[in-house]
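Letter by letter, the chains look like this.
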Amino acid sequence: NRLAPPLRVEGAIPDVRSGSWLVVVNHYTRPGFRAWWIPMAISATLPREICWVTTSALTFPDRFRAATFTPASRWFLHHVAGLYGFVPMPPMPPRPFETEARARAVRRALHRALEAETLMGLAPEGGDMPGGVLTPPPSGSGRFLWHLARRGLRLLPVGAFEDEGRLCLRFGQPFKMTAARPEPIDDNASRLVMSAIAACLPERLRGSYG
């Protein structure tokens, strides 16, 4: 671990060496701290490889970076996903021209969830949030989470935050999503998962889930 100061881990980490699991974590970020540190830290903490559902490109509000950095990031992230077996997903918020690519990515993730003894991970918010405060994920995220859970994955919530300049991971209580269809499925599944993540965060970062 090359983080300075070193990573702080809180909470009881369940034995994920067997069984099928889905790690769900907040997309914490701030100026000077990029969200990719979070999956790296979780992967270094848990005892087996995680198949992360990752963004397939970095997006920017200005035309210059959108025209230069976004294509470069798409190539780089595609290479990383292939190298580590990740599932790349078109960036949030959803864009109409990426509907087909998103559907293919969802199918790949659901197929991966059917594999025996799988360990997957994702951040439902899918992008940077102002102040790192927990924010409701985009439409469709709850439905996606519910379909993953239906494949038999047990959910493991994790809160990622900083305390006195140190990156902290707080592991919460694992849970299974109800087999019954929670109508409206998108809102209810999303609220259930985000509330579990919020319980792992300091009050200042819980947002509307506080």
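The preceding data block contains the structure.
First, a word on what this report is: a plain description of the structure on this page. (Residues numbered from 1 in each chain as written. Predicted model: local features only at pLDDT ≥ 70, side-chain atom pairs only at ≥ 80, totals over all residues. Heavy atoms only, no water.)

So, on to the packing of helix α3 (residues 99-113) against helix α4 (residues 141-150). At their nearest, the axes of α3 and α4 sit 9 Å apart, and the two run at 25° to each other. Taken together, the axis directions place α3 and α4 in an arrangement best described as roughly parallel. The handedness of the crossing between α3 and α4 comes out as right-handed. Residue-level inspection shows V106, A109, L110 and A113 of α3 in contact with α4, the latter providing F144, H147 and L148. Partitioned by chemical class, the residues of the contact of α3 with α4 number six nonpolar, one polar and no charged. (Axes fitted to C-alpha atoms, helices over the stretch in contact; angles between N-to-C directions. Helix = DSSP H or I, 4+ residues; strand = E, 2+ residues; numbered from the N terminus. Parallel < 35°, antiparallel > 145°, perpendicular 65-115°, else oblique. Left-handed = near helix turned anticlockwise from the far one by under 90°. Contact = heavy atoms within 4.5 Å. Nonpolar A, V, L, I, M, F, W, Y, C, P; charged D, E, K, R; others polar.)

So, on to the sheet that holds strand β4 (residues 87-89). With mixed pairing, seven strands are arranged side by side in an open sheet as β1-β7-β6-β2-β5-β3-β4. Each edge of the sheet is formed by a strand with only one pairing partner; in this case those strands are β1 (8-10) and β4. This sheet shows a mean twist of 25° between the axes of neighbouring strands, independent of strand direction. Looking at chain direction, strand β6 (residues 154-163) and strand β7 (residues 166-171) are connected through six bridges and run antiparallel. If you follow G159 over to β7, its bridge partner there is R170. α4 contacts β2 (21-25), β4, β5 (119-122) and β6 of the sheet and is inclined by roughly 170° relative to β5. (Pairing = 2+ DSSP bridges.)

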